[in-house]
Amino acid sequence: MDRLEKEIAYLTRLVSFVHSPSSIPPAQGLMRGVQLIMVEKLKELVSLFDAHGVEYWLDFGSLLGAVRHGGFVPWDEDLDIAIRLQDRPKVINLLQKEGIEYYTHGSANGLLSVVLFKTSSYVVHIDIMAYALVENISDADVDQANELMVNLNRKYACYSEEYHEEAMAGLASLQKKSGGNRSLYVRCVDSCLLYPTYTVPQEVLFPLASMPFEGTSFKIPHCYEEYLTALYKDYMQWPPVLHTNYIINQLSEKERLQLIGTMKQQLHDAPSSCLRK
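Residues numbered from 1 in each chain as written. Predicted model: local features only at pLDDT ≥ 70, side-chain atom pairs only at ≥ 80, totals over all residues. Heavy atoms only, no water.

Chemist: What's the story with helix 4 (residues 88-97) in this structure? I'm lost.
Modeler: Think of an α-helix as turning once every 3.6 residues; residues three or four places apart then point the same way. All of the buried residues along helix 4 are R88, V91, I92, L94 and L95. For helix 4, the angular spread of the buried residues around the axis is 160 degrees, confining them to a single face. Every exposed residue of helix 4 that faces more than 90 degrees away from the buried side is listed here: P89, Q96 and K97. Where the residues of helix 4 are buried, they touch helix 2 (29-51), strand 2 (79-84), strand 3 (102-104), strand 4 (112-118) and strand 5 (123-137). Once helix 4 finishes, G99 follows within two positions and takes phi at roughly 70 degrees, a positive value. (Buried < 20%, exposed > 50% of the residue type's maximum accessible area, 1.4 Å probe, protein only. Helix = DSSP H or I, 4+ residues; strand = E, 2+ residues; numbered from the N terminus. Arc of directions from axis to C-beta. Contact = heavy atoms within 4.5 Å.)

Below you can see the structure in the form of structure tokens.
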């Protein structure tokens, strides 16, 4: 570890004793402009969902941001929401009908990403993860469902149709037993990602609650504290490793100007202070 890395590590530890992450001010400049426009686009998207009976909730970093910061985690560059797997065909149909650009990761059944705007090398997007429902299973089967997903995410280096088929077949096998009173939702049937847990008890998720995110109320899991603790442990404190994306800061001057131009076209009334380079 060189001197600069040691100094950064020291400052990170020092800050953790002085301030909690919730005290960090919002992002500034272009990053903040991108975040605020993402919120406007999210409002349009969930309004479409609400009108057609699609239940959604803020997930992962976006849920963490709502609870800990009242909006975006300052360094977050995308939005994460989730839906029930059974609603995914409806969502895709709505996106196509409304002419909303999206793409899937790995295969047609992969994670959905709605494209908000993009440059030649950077895409501002909203990720939509689908959760599969498994009903009337035993406590042992809950453990097996989580073990299934852990093993699959270790087996496959990245998401593929084979991964999806194996996940769905394994969950269907558990569903056939129907020998208990537990119901749960399983994440990552559409993506290959390592998480501490892949199962969410139905009563933790539903009925959905609401919470402000950047001044607008969005849906969140019913027991959001339990939900976040399962993902991040002590989520109100600094994480052991700071995952700061800041892809925006790596854009060339040409790409930054292209991004600003796209933002101005899509949201004419965006505050000029948010569109600074």
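Still more to cover.
Chemist: Can you walk me through the packing of helix 5 (residues 139-155) against helix 6 (residues 161-177) in this structure?
Modeler: Between two packed helices, both the angle of their axes relative to each other and the distance between the axes serve to describe the pair. Where helix 5 contacts helix 6, the axes come no closer than 10 Å and their chain directions differ by 170 degrees. Judged on the interaxial angle alone, helix 6 and helix 5 are roughly antiparallel. Facing helix 5, whose interface residues are D141, Q144, A145, L148, M149, L152, N153 and K155, helix 6 presents Y163, E166, A167, G170, L171, L174 and K177. In terms of residue class, the contact of helix 5 with helix 6 is built from eight nonpolar, three polar and four charged. (Axes fitted to C-alpha atoms, helices over the stretch in contact; angles between N-to-C directions. Parallel < 35°, antiparallel > 145°, perpendicular 65-115°, else oblique. Nonpolar A, V, L, I, M, F, W, Y, C, P; charged D, E, K, R; others polar.)

Chemist: Whenever I open this one, the layout of surface pockets confuses me. Can you help?
Modeler: Leftover empty space is mapped by rolling, across the atoms, a probe with the size of a water molecule. Considered as a void within the structure, the second largest pocket measures approximately 230 Å³ in volume. Residue lining of the second largest pocket: eleven residues in total, with K41, E44, I100, V114 and V115 positioned closest to the centre. The set of elements that each furnish at least two residues to the lining of the second largest pocket consists of helix 2 and strand 4. Its residues placed into classes, the lining of the second largest pocket shows six nonpolar, two polar and three charged. (1 Å grid on protein atoms, 1.4 Å probe; cavity = no way out; pocket = protein on both sides within 12 Å on 5 of 7 lines; lining within 4 Å. Points joined across faces, edges and corners; volume = space filled by probe spheres on them.)

Chemist: What exactly am I supposed to notice about the side chain of R84 here?
Modeler: Topologically, R84 is positioned in strand 2. Overall, the relative accessible area of 15% leaves R84 in the buried class. Not counting residues up to four positions away in its chain, the partners in contact with R84 are E55, W57, Y131, Y185 and F206.

Chemist: How should the pattern of salt bridges be read in this particular structure?
Modeler: Working definition: two side chains of opposite charge can pair if their charged atoms are close together. Taken as a whole and assessed by the stated rule, the structure comprises six salt bridges. Between E214 and R32 there is a salt bridge, with its nearest N and O atoms 2.7 Å apart. Here E214 is found in the loop between strand 8 (209-213) and strand 9 (216-220), whereas its partner R32 is found in helix 2, with 182 residues between them in sequence. Note on E214: relative accessible area 23%, which makes it partly exposed. Of the charged contacts in the structure, one is a salt bridge between E40 and K43, with a shortest N-O distance of 3.1 Å. Residue E40 and its partner K43 are both found in helix 2; the two are separated by three residues, about one turn of the helix. Using a relative accessible area of 31% as the deciding quantity, one classes E40 as partly exposed. (Salt bridge = Lys/Arg side-chain N within 4 Å of Asp/Glu carboxyl O.)

Chemist: Looking at this structure, I do not really get the packing of helix 3 (residues 60-69) against helix 8 (residues 224-232). What am I missing?
Modeler: For the pair helix 3 and helix 8, the least separation of the axes is 11 Å and the interaxial angle reads 125 degrees. The orientation of helix 3 relative to helix 8 falls into the category oblique. Crossing hand, helix 3 versus helix 8: left-handed. Residues F60, G61, L63, L64 and V67 of helix 3 form the contact with helix 8, whose participating residues are Y224, Y227, L228, L231 and Y232. Taken together, the residues that form the contact of helix 3 with helix 8 break down as nine nonpolar, one polar and no charged. (Left-handed = near helix turned anticlockwise from the far one by under 90°.)

Chemist: Sorry if this is basic, but what is going on with the nonpolar core here?
Modeler: In terms of nonpolar packing, the biggest core is built from 85 residues, with I128 and M149 touching the most fellow members. Here this core takes eleven residues from helix 2, the largest share from any one element. Leave out the neighbours within four places in its chain, and M149 touches Y163, A167, V186, R187, C188, V189 and Y198. (Core = buried A, V, L, I, M, F, W, Y, C linked by side-chain atoms within 4.5 Å.)

Chemist: Looking at this structure, I do not really get the pairing of strand 4. What am I missing?
Modeler: Residues in a regular strand point their side chains to alternate faces of the sheet. Along strand 4, six of the seven residues are buried, which leaves the element largely enclosed by surrounding structure. Of the strand pairs in this sheet, strand 3 and strand 4 are connected by three bridges, and their pairing is antiparallel. Residue pairing in the sheet places Y103 in a bridge with S113 of strand 4. The sheet contact formed by strand 4 and strand 5 spans six bridges and is antiparallel. Note on strand 5: the bridge partner recorded for F117 is V124. Here strand 4 hands over to strand 5 after four residues, the two strands then running antiparallel side by side. (Pairing = 2+ DSSP bridges.)

Take it as geometry only, folks, not as evidence of what the structure does.
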